[in-house]
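Per-entry structural report
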Amino acid sequence: MSQRKRIEIGNIDIAKYTVVLPENPTPTEQTAASELIDHMQTATGVLLPTVHTPSPPAHGIYIGNAAEGDRSGIQYDGYVIKTDEKNLYLFGKIDRGTLYAVYRFLEKYVGFRKYEPGVGRLLPGDVSVPANLCDASNPVFSDRFTNWASHVLDMPYTAWSAINHAGKEVEKYGGHEPCTSFCHTFEALCDPKIYFEEHPEYYSLWEGKRIPAGNTFEVPYGQLCLTNPDVLKIVIQNVRAQLAKMPNASIVEVSQNDNGRYCQCENCAAVDAEEGSPSGLLLRFVNAVAEDIEKDYPNALVRTFAYQYTRKPPKITRPRHNVIIRYCTIEACFRHALDDPSCEKNKGAFKEELLEWGKICDKISIWDYTRNFSCYFAPVPNFEILRDNVRFFADNNALHVFEQDTESPTYTGDLGSLKAYLLARLLWNPYMSEEEYQAHMDDFLEGYYGPGWHNVKEYMRLLHDATRHRHMGCFEKMDIGGELGEEYYPKAYQEVVEDSYLSDFINNHLDEAIRLWDDTIAKAEDEGQRERARRSRLAMTYLDLFCRKHDKENMSEEEQKAYEAGVEQFHEDKIRYGCHFNIWTAWQGS
C-alpha cells in the first residue's frame, strides 16, 4: 500500500484536520482514533494530530462521544458517517458502532480493502468527501458470526468485517454481547458425574434404560428428563449461578446436547404426543427457566435449540418473550436455497418450519452451515445461494446468525476466505442487490489473487454449473467409501466414492479447473498472490489424487512414480499450509 492519495473533506485538505476524542475516551474510541490515524497516514503520508474535547479545532474529525449528532435512528451497532462544511463525524450509539463508522469510512471513501488478516490493498485515486454528507447504516442482525479462520484468528480483521462475536482483546474492538455458554448445555447444567449414579431418573430413558446426558460421541449419551421437577430445580440453580458470575449476560444458553436420544419415559412421551414434536416439552422447560430468572435478570434472553429432533415447531406451547429460538439447518441441502421449491430435499421442510417458528416467536437465532465437514478440501459451491438464505433468515425474525465453517482455525479449502468476506457483508445487509453481491465478489477476487482472478470466476462458474442438479449436505463423503474419522489419512490408490455431489465436476471439468488455477498462479504479481492461489489450488490436487480413480495395475511404472510423488507432495503442502482433512482431524489438530 505505497500509494499516496490526496484526500479532501468538504473541499478542505486532510492535512488541516485534527482527530477529536472525548475527554475520557473508552478503549474502543481510542482504537477507532488510532486506526483512523494509521490508515490515513498510510494513504496520504499525513499524520493527523489528536485533541480532546472541549477544545474544538478549526477542522475536526470527531470520534464517538466527541461527535454531536442524532443517535435515535441507530439500531444495534449501526453507525453514522456525517460531514458539515468543516468537520467529519464518525459515531455509533454504542462503541462498536463508532469503530464501524471509522472502518466503513476508510473502506467506502478512502478505498482500503481487507480480504483476510494481512491481505488487502488501497484502491488508487484521490478522494473528495462532500460536505453535508449523512451516511447512516444499521445491521439487520444484532449478532453476526462465522468461524472461518479469518474471523477467529485475528480480532482487528474480525472487527473490520463487523463480525461481532467474542474474540481476543474484544474490549478494544467494541466489546460483544456476553453469553453464559455457546451451545449444548444440558450436560453442564445437570452434570451426570454428580447426579447419575444416585438419580438416573434425571436423564433420558432410551431404549428401555436410563443413559447419562452428554456430548461425547464414543458412547450413547442422551438428554435430560424434562418432566422431572428436580431436574428443573437443578438447571435453574445452575443458570442462576452462571448469571451471578456474569450478571450482564444478554444470552443464557439452555439447550439440548448434541445427540438425538431424548427422554422417552411415559411423562415425556405424553407431552411429545400432545405437542406433536419434542420441541414442545423443551419449550415448556426452557420457558420455566426464563420465567424464574426474568425478575432478577430482565435483560437476559434464554436461548435454546430447534435442532434435529426439536426442529419442528410445537402445536401448543409458545416461547416466552424472553426466549430466543436457535433454528439449525444441519439436514438441509446447501447447494440450493432453503426456500427453493424445486429442491426435493429442502421443499416442505426448512421454509415451512422457519415460517412457523417466525409466527410464534419474534426472536430467532440461526445456526447455518457452509462447509462439507467430512472433507474440508472438497469445494462447496454455495455462492449462488448464500444471499438467498441470509435474506430468508432476515425475513423470518432472525436476530442472530451463525454461519459455521471450519471447526478450528484452518484455511483448508478452495474459497473459504471469499465466503467469509461475502458472508460478513451479507450479515450486515442481506438485502443487497445481486449486482452489489457480484461487485463484492469481483473486488475480493482481484485483490486477493491478482491478474488471474477471472480464471477463478470461471472456475466458480464451472463448479456451480456442474452441481446445479445435485444435492449437497454438510456431511458428504467425497474420497472413500468408508466412514471418515479423526485418524483419517488419504493414501495413494484408495477407494473413491463413485457418485458424489462433485462427480460430474470431477469427471468433466477438473482438468480445466486445474488449468485455470495454474494460470492464476502463473499470472500472480507477487508471492502473496501466488501462495494464496497455490493454497486454493490444493483443493483441486486433492480431488485429482483421491477423488478420482487411480488403478495401479493399469498404470505404467513411470505413471505410478509420478502419482505417488504427487501424493507425497500433497501431504507436505497440507502441513505447510496448516490444513486439516475434516472436522474430526481438525479436533485432533492433524
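Computed from a predicted structure; not experimentally measured. (Residues numbered from 1 in each chain as written. Predicted model: local features only at pLDDT ≥ 70, side-chain atom pairs only at ≥ 80, totals over all residues. Heavy atoms only, no water.)

**Remarks on the overall build of the protein chain**
- Counting its regular elements, the protein chain contains 18 helices and 19 strands.
- Against the globule reference of 25 Å for 590 residues, the protein chain gives a C-alpha radius of gyration of 26 Å, in line with a compact fold.
- Of all 590 residues assigned to the protein chain, the portion counted as buried reaches 58%.
- The long-range fraction of contacts in the protein chain, counting pairs at least 24 apart against all pairs at least 6 apart in sequence, stands at 74%.
- Roughly 24100 Å² of accessible area belongs to the protein chain as shown, and the carbon and sulfur atoms make up 48% of that amount.
- One way to put it: in the protein chain the 63 positive side-chain charges average out to a point 3 Å from where the 90 negative ones average out. (Helix = DSSP H or I, 4+ residues; strand = E, 2+ residues; numbered from the N terminus. Rg over C-alpha atoms; globule rule 2.2 N^0.38 Å. Buried < 20%, exposed > 50% of the residue type's maximum accessible area, 1.4 Å probe, protein only. Contact = heavy atoms within 4.5 Å. Areas by Shrake-Rupley, 256 points an atom, 1.4 Å probe, with all protein chains shown as cover. Lys, Arg positive; Asp, Glu negative; His and termini not counted. Charge placed at Lys NZ, Arg CZ, Asp CG, Glu CD.)

**Let's talk about the sheet that holds strand S4 (residues 50-52)**
- With mixed pairing, six strands are arranged side by side in an open sheet as S4-S3-S5-S7-S6-S11. Each edge of the sheet is formed by a strand with only one pairing partner; in this case those strands are S4 and strand S11 (134-137). Neighbour-to-neighbour, the strand axes of the sheet open up by a mean angle of 15°, direction not taken into account.
- Sheet analysis places strand S6 (residues 79-83) next to strand S7 (residues 88-92), joined by five bridges and oriented antiparallel. Among the inter-strand pairings, Thr83 is bridged to a residue of S7, identified as Leu88. (Pairing = 2+ DSSP bridges. Axes fitted to C-alpha atoms, helices over the stretch in contact; angles between N-to-C directions.)

**Some points on helix H10 (residues 350-360)**
- Every buried residue of H10 is listed here: Phe350, Glu353, Leu354, Trp357, Gly358 and Ile360.
- Buried residues along H10 sit in contact with helix H9 (278-294), strand S16 (301-306), strand S17 (323-328), strand S18 (364-369) and helix H11 (386-394).

**Side note on the pattern of salt bridges**
- The full count for this structure, using the stated rule, is 46 salt bridges.
- Where Asp465 meets Arg468, a salt bridge forms, and the shortest distance between an N and an O atom there is 2.6 Å.
- Note on Asp465: relative accessible area 38%, which makes it partly exposed.
- For Arg468, a relative accessible area of 38% puts it in the partly exposed group.
- A salt bridge links Asp511 to Arg548; the shortest N-O distance between them is 2.7 Å. Within this pair, whereas Asp511 is found in helix H15 (residues 503-523), its partner Arg548 is found in the loop between helix H16 (527-546) and helix H17 (557-576), the two being separated by 37 residues in sequence.
- Asp511 gets classed as exposed once you look at its relative accessible area, which sits at 51%.
- The structure contains a network of salt bridges with shared partners spanning Arg335, Glu384, Glu458, Arg461, Asp465 and Arg468. (Salt bridge = Lys/Arg side-chain N within 4 Å of Asp/Glu carboxyl O.)

**Observations regarding the packing of helix H14 (residues 453-467) against H15**
- Interaxial distance between H14 and H15 falls to 9 Å at its minimum, and their mutual angle equals 170°. With respect to their mutual orientation, H14 and H15 come out roughly antiparallel. Here Asn455, Val456, Glu458, Tyr459, Leu462, Leu463 and Ala466 of H14 come into contact with H15, specifically with Asp504, Phe505, His509, Glu512, Ala513, Leu516, Trp517, Asp519, Thr520 and Lys523.
- Here the contact of H14 with H15 is built from residues that sort into nine nonpolar, three polar and five charged. (Parallel < 35°, antiparallel > 145°, perpendicular 65-115°, else oblique. Nonpolar A, V, L, I, M, F, W, Y, C, P; charged D, E, K, R; others polar.)

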